[in-house]
Amino acid sequence: MAREHILVVEDEADIRELVRLNLEREGYAVHQARSGEEGLQAVRLRKPDVILLDLMLPEIDGLEVCRRLKNDVDCRHIPVIMLTAKGEEADIVAGLELGADDYVTKPFSTRVLVARVRALLRRRATPEEEGQSAAPIQLHNLLIHPGRREVLVDGKAVDLTHTEFEVLRFLARRPGWVFTRYQIVDAVHGTDYAVTERSVDVQIVGLRKKLGAAGKYINTVRGVGYRFQEQE
Ligand code: CA
């Protein structure tokens, strides 16, 4: 198999080098871009498997790079992990809603970054996309049967409302991924038009309570949204 190819778009040389060394050590081929403009050119030239995109870039910033990539039919499928700084929650939300897949906050551990890259590549390999899959989802002590619309915690059935079920299924389908409130509303919209961004918080409170011991796996990501916890 050809080596998977990661593009790092980052204006800070130290971070670029650190990321490159660590990803190369894991066997990935790494290319670097020092600006948004260079990054866009590199994506079009080489079609990387994953893009690591710093948000604070001179001239064209990371969000704009992301917007252009996601508007380009040739590039929109390439997963994007945003590299962000503390306090950039609003930009993280904007980026996720533009179609970025994930983010890591600086200073990040390279181990975490490598794990995120690997997770994205793994998920890409099994593209059972958006809602259609009826396969049961087993996570921790939780079992979700989309076909039967049934949720079991430690083997015991939990009675969820329609919307609660949809929110849970949406989050649990991609454990570890952060979703904004808007993305959650958007995903469950077809089933209940009463859902608003604010009411997502209410749904989550209800869900956590009903899930009991499994409720802790729905994590609040402050200023950004929610995620289903991947690891114990
Ligand atoms: Ca920067």
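A brief look at the structure comes next. Sequence order sets the numbering: in each chain, residues are counted from 1 along the sequence as written. For this predicted model, a pLDDT threshold of at least 70 governs which residues receive local features, and a threshold of 80 or more governs which side-chain atom pairs are given and counted, while totals over whole chains, interfaces and linings are taken from all residues. Side-chain figures throughout are based on the complete set of non-hydrogen atoms in the structure, without hydrogens or water.

We now examine the nonpolar core. To define a nonpolar core, start from buried Ala, Val, Leu, Ile, Met, Phe, Trp, Tyr and Cys residues and group those joined through side-chain atoms within 4.5 Å. Think of it in three bands: with a 1.4 Å probe and only protein chains considered, a residue is buried below 20% of the maximum accessible area for its type, exposed above 50%, and partly exposed in between. Counting residues in hydrophobic clusters, the biggest one holds 46 residues, and the most contacted among them are Leu52, Leu168 and Leu171. Per-element accounting of this core gives the leading share, six residues, to helix H6 (residues 162-173). Summarising the domain contributions, this core has at least three residues from each of domain 1 (5-125) and domain 2 (137-228). Between two residues, a contact is recorded if the distance between any of their heavy atoms is within 4.5 Å. Dropping the residues within four chain positions of it, leucine 168 is found in contact with Leu142, Ile144, Val151, Leu160, Leu207, Leu211, Ile218 and Phe228. Helical segments are the DSSP runs of H or I of at least four residues, strand segments are the runs of E of at least two, and each set is numbered from the N terminus. Source of the domain bounds: an automatic or database domain assignment.

Moving on, we get to the sheet that holds strand S12 (residues 225-228). A pair of strands is considered paired only if DSSP assigns at least 2 bridges between the two. Pairing is antiparallel across the open sheet formed by three strands, whose spatial order is S10-S12-S11. The sheet is open, and its two borders are formed by strand S10 (178-180) and strand S11 (218-221), each paired with just one other strand. Each strand axis lies, on average, 30 degrees off the axis of its neighbour in the sheet, ignoring direction. Sheet topology note: the S10/S12 ladder contains three bridges and is antiparallel. Counterpart to threonine 180 in the pairing with S12 is glycine 225. The angle between two axes is taken between their N-to-C directions and runs from 0 to 180 degrees, where each axis is a line fitted to C-alpha atoms and a helix contributes only its stretch in contact.

Coordination of the calcium ion by the protein involves Asp11 (OD), Glu12 (OE), Asp54 (OD) and Met56 (O), with metal-donor separations of 2.1 to 3.2 Å. Donors, by definition, are the N, O and S atoms found within 2.8 Å of a metal, the threshold being 3.2 Å for Na, K and Ca, and water is not counted, so a site can look incomplete. Written as a sequence motif, the donor residues of the calcium ion are D-E-x41-D-x1-M. Linking aspartate 11 in the loop between strand S1 (5-9) and helix H1 (13-25) with methionine 56 in the loop between strand S3 (50-54) and helix H3 (62-70), this pair joins segments that are 45 residues apart in sequence.

Our focus in this paragraph is the pairing of strand S2 (residues 29-33). Two strands pair when backbone bridges link them, and S1 and S2 are joined in this way by five bridges, in the parallel orientation. Opposite isoleucine 6, over in S2, you have valine 30 as the bridge partner. Taken together, S1, H1 and S2 form a β-α-β motif whose crossover is right-handed. For a crossover, the right-handed case is the one in which the path from the first strand over the helix to the second runs clockwise, viewed with the strands pointing away from the viewer.

Among all positions in helix H2 (residues 36-46), only Gly36, Gly39, Leu40, Ala42 and Val43 are buried. All buried residues of H2 project into a common sector of 165 degrees when viewed along the axis, lining one side. Residues Gln41 and Leu45 are exposed on H2 and point more than 90 degrees away from its buried face. Check the buried side of H2 and you find it contacts S1, S2, S3 and H3. Lysine 47, located one to two residues past H2, shows a positive phi value of around 45 degrees. Comment: arc refers to directions from the helix axis out to C-beta atoms.

Just distances and angles here, no functional claims.
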